[in-house]
Amino acid sequence: MREYHFLCIQYLLFLFHVASQKLEHRISALEKTTWCSETKEEVRQVLTMEYTSSDESSYECDSDREEAELAAYKVKHLSWERSKLTDAKKILDEIYLRSLSARVRRSLVPRIPHSEDSERVVPQNLVGWAVRRPASTARRALITSATVMSSSSESCKPLASSTPRVERQNRM
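Rules used throughout
Residues numbered from 1 in each chain as written. Predicted model: local features only at pLDDT ≥ 70, side-chain atom pairs only at ≥ 80, totals over all residues. Heavy atoms only, no water. Helix = DSSP H or I, 4+ residues; strand = E, 2+ residues; numbered from the N terminus. Buried < 20%, exposed > 50% of the residue type's maximum accessible area, 1.4 Å probe, protein only. Pairing = 2+ DSSP bridges. Axes fitted to C-alpha atoms, helices over the stretch in contact; angles between N-to-C directions. 1 Å grid on protein atoms, 1.4 Å probe; cavity = no way out; pocket = protein on both sides within 12 Å on 5 of 7 lines; lining within 4 Å. Points joined across faces, edges and corners; volume = space filled by probe spheres on them. Nonpolar A, V, L, I, M, F, W, Y, C, P; charged D, E, K, R; others polar.

We now examine the environment of Q124. If you trace the backbone, Q124 turns up in the loop between strand 3 (111-117) and helix 5 (135-151). Note on Q124: relative accessible area 74%, which makes it exposed. Residues Q124 and E50, spaced 74 residues apart in sequence, show a C-alpha to C-alpha distance of 8.2 Å.

Time to look at the pairing of strand 2 (residues 68-77). Here is the key point about a regular strand: its side chains alternate between the two faces of the sheet. As paired elements, strand 1 (residues 55-61) and strand 2 share 7 bridges and run antiparallel to each other. Within the sheet, the bridge partner assigned to C61 lies in strand 2 and is A68.

Here we come to the sheet that holds strand 3. The 3 strands lie next to each other as 1-2-3, forming an open sheet whose pairing is mixed. Every interior strand has two partners, whereas the edge strands, strand 1 and strand 3, have only one. Across the sheet, the mean angle from the axis of one strand to that of its neighbour is 45°, orientation sign disregarded. Pairing geometry for strand 2 and strand 3, over 4 bridges, is parallel. Residue pairing in the sheet places K74 in a bridge with I112 of strand 3.

The volume enclosed by the largest pocket comes to roughly 720 Å³. Taken together, 25 residues form the lining of the largest pocket, with K22, R26, V75, D93 and R111 sitting closest to its centre. Put simply, the parts of the chain that give the lining of the largest pocket at least two residues each are helix 1 (2-32), strand 2, helix 3 (83-99) and strand 3. Sort the elements by how many residues they give to the lining of the largest pocket and helix 3 lands first, with 6 residues. When grouped by side-chain class, the residues that make up the lining of the largest pocket number 11 nonpolar, 6 polar and 8 charged.

Structural data, given as structure tokens:
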């Protein structure tokens, strides 16, 4: 039993190490972007472990070998993450990968989407542009704004496309 606990702790430390490496790579890639300083600062706010998706090791067992080999990291999607943050992370990951030599890129363990979402909760240091509102709150806001819209005869002015639909409806 004690050996099992030790292996669990080792595995958790390994996963933390993998996530912290991913985070370090994104931070270094941020400095290489051509983004303006305001955008870099906004993205830097979410380059923390709380906003980093979970990775699960996936092993393959070759019939010729006795030991299993690490085949890929399965990345669990953060259900509360907005697409704007997902896109920023993808850009940073691409910049990091381009900075590596072809030989190193070939030796990297691939990351593939996991079939399950991450169970990670919404971060304490909530950054609005990076986090979706819970569905129940969004639905309540939608019903409220629909009631206001039906009682108002004013035409709606479209806002920037980056403004979430529910927020746009609440502002009308």
